[in-house]
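The chain contents come next:
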Amino acid sequence: TPVNELTLELNIGWNLISGISSEVSLSGIYDPENIVVPGTVFEYTEFYDYATVLTSGYGYWVYASTAGSITISNGNALKIDDTVPVNLDKLNTLTINGSELYFGVSISEKERLSYILPPKPPAGAFDVRFKGGSRAVSDYGEIEIVPTAEFFNIAYDVKNETDLNQRWVLKSESGEEHTLDGSGVITVPSEERFTLDLKTVIPSAFTLHQNYPNPFNPITTLRYDLPTNALVTLSIYDMLGKEIAQLVNKNQEAGFKSVQWDAISSMGRPMSAGVYLYQIQAGEFVQTKKMVLLK
């Protein structure tokens, strides 16, 4: 006999449930007391992920903030508004074998439950989470992994800016460190524990980076790295070698530095479109690069 409606009594915390005889979207969950925490309806395929439908015969994890009842039916109006936490696309992410973790996230006590994961799956199934069962941390986290292969890929995407001298550092249990800057993919041997930490980092070499954006109009950013304290001079020249602006002329401490140029000369005159040179001198280190101003 088909089951078209089902009322379930939930305990506080995680509950493993199934649906009715037909597939039903999460809008089919009637939750009059709002006991289901937003973002805590999970399915397991190759890893835990947010469920969008309840399929007959499959199990799903649901987190209840307090004990109470829910009703699953095809005829219910939408009661669970948030199937996933908000603004996930704006967060820094680590993606390990398809499963995402979030970092650099400031989480209020009210939101904390929306980032927790269900109990670990049985042995032999892949799983990744921060210690304590969360998917998100602010500035430090221990990552627990149940690996299923010799190697795995870790994709990272650091969207939110930090202090220039701070970098996210991923460290394996064996002591190997990877600095996460921008986005990319690293392949690492399978290990069960990693740490993710926001650290103050000192550059390993003097470097003058390409300005960004380039070409630019009218403002561009010039970045450079100082491995030691130095007297730094950073100047702009035209193609005839005439100095038209001096952006930096002072002693600076070691670190990652940046300065902007608004295409204005030291005399206050807007510069015309064309190719310009920018040169850094820090101790005995001297380097020059080109940039293009468009109008």
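None of the values given here were measured: they were computed from a predicted structure.

What counts, and where the lines are drawn
- Residues numbered from 1 in each chain as written.
- Predicted model: local features only at pLDDT ≥ 70, side-chain atom pairs only at ≥ 80, totals over all residues.
- Heavy atoms only, no water.
- Helix = DSSP H or I, 4+ residues; strand = E, 2+ residues; numbered from the N terminus.
- Rg over C-alpha atoms; globule rule 2.2 N^0.38 Å.
- Buried < 20%, exposed > 50% of the residue type's maximum accessible area, 1.4 Å probe, protein only.
- 1 Å grid on protein atoms, 1.4 Å probe; cavity = no way out; pocket = protein on both sides within 12 Å on 5 of 7 lines; lining within 4 Å.
- Points joined across faces, edges and corners; volume = space filled by probe spheres on them.
- Nonpolar A, V, L, I, M, F, W, Y, C, P; charged D, E, K, R; others polar.
- Pairing = 2+ DSSP bridges.
- Polar contact = N/O pair within 3.5 Å; in protein donor to acceptor, adjacent residues only side chain to side chain.
- Phe/Tyr/Trp six-rings, centres within 6.5 Å; stacked < 30°, edge-to-face > 60°.
- Salt bridge = Lys/Arg side-chain N within 4 Å of Asp/Glu carboxyl O.

## Some details on the overall build of the chain
Along its length, the chain carries zero helices and 26 strands. Computed over its C-alpha atoms, the radius of gyration of the chain comes to 27 Å, more than 25% above the 19 Å expected for a compact globule of 295 residues. Each principal axis of the C-alpha atoms in the chain carries an extent, and together these give about 90 × 45 × 30 Å. Counting every position in the chain, which comprises 295 residues, the buried fraction comes to 42%.

## A few points about empty space enclosed by the protein
Taken as a whole and judged by the stated rule, the model has one cavity of 30 Å³ or more. In this structure, the largest cavity spans a volume of roughly 40 Å³. Around the largest cavity sit Phe-47, Tyr-48, Ser-99, Glu-100, Leu-117, Asp-127, Val-128 and Arg-135, which together line it. Counted by class, the lining of the largest cavity contains four nonpolar, one polar and three charged residues.

## Details of the sheet that holds strand E24 (residues 255-261)
The strand order across the open sheet built from three strands is E20-E21-E24, with neighbouring strands paired in antiparallel fashion. Two strands lie at the open edges of the sheet, namely strand E20 (207-208) and E24, each paired on one side alone. Relative to strand E21 (residues 220-226), E20 runs antiparallel, the two being bridged by two bridges. Of the residues in E21, the one forming a bridge with Leu-208 is Tyr-224.

## As for the sheet that holds strand E18 (residues 183-189)
One open sheet accounts for five strands, arranged E13-E11-E10-E15-E18; its pairing is mixed. The sheet is open, and its two edges are formed by strand E13 (136-137) and E18, each paired on a single side. Strand direction decides the pairing type here: strand E10 (residues 92-96) and strand E11 (residues 99-103), joined by five bridges, are antiparallel. Its bridge partner lying in E11, Thr-93 is registered against Tyr-102.

## Concerning the environment of Trp-261
Positionally, Trp-261 belongs in strand E24. Residues Trp-261 and Leu-16, spaced 245 residues apart in sequence, show a C-alpha to C-alpha distance of 58 Å. There is a polar contact of 3.0 Å between the side chain of Trp-261 and the backbone oxygen of Ile-264.

## Quick look at the packing of aromatic side chains
Using the criterion set out here, one finds twelve aromatic pairs in the structure. When the ring of Trp-14 is compared with that of Phe-42, the centres are 6.0 Å apart and the planes differ by 65 degrees; the resulting orientation is edge-to-face. Of this pair, Trp-14 sits in strand E2 (residues 13-18) while Phe-42 is found in strand E5 (residues 36-44), placing the two residues 28 residues apart along the sequence. Seen in terms of ring centroids, Phe-152 and Phe-194 are 6.2 Å apart; in terms of plane orientation they differ by 65 degrees. Their pairing is edge-to-face.

## A word on the pattern of salt bridges
For the coordinates displayed, the defined rule picks out six salt bridges. The closest approach of N and O atoms between Arg-129 and Asp-127, which form a salt bridge, is 2.8 Å. Note on Asp-127: relative accessible area 3%, which makes it buried. Here Asp-157 ties to Lys-159 by a salt bridge, and the two come within 3.3 Å at their closest N and O atoms. Residue Asp-157 is classed as partly exposed on the basis of its relative accessible area of 27%. Among the residues examined, Lys-159 registers a relative accessible area of 36% and is labelled partly exposed. One salt-bridge network, held together by shared partners, links Lys-120, Glu-144 and Arg-193.

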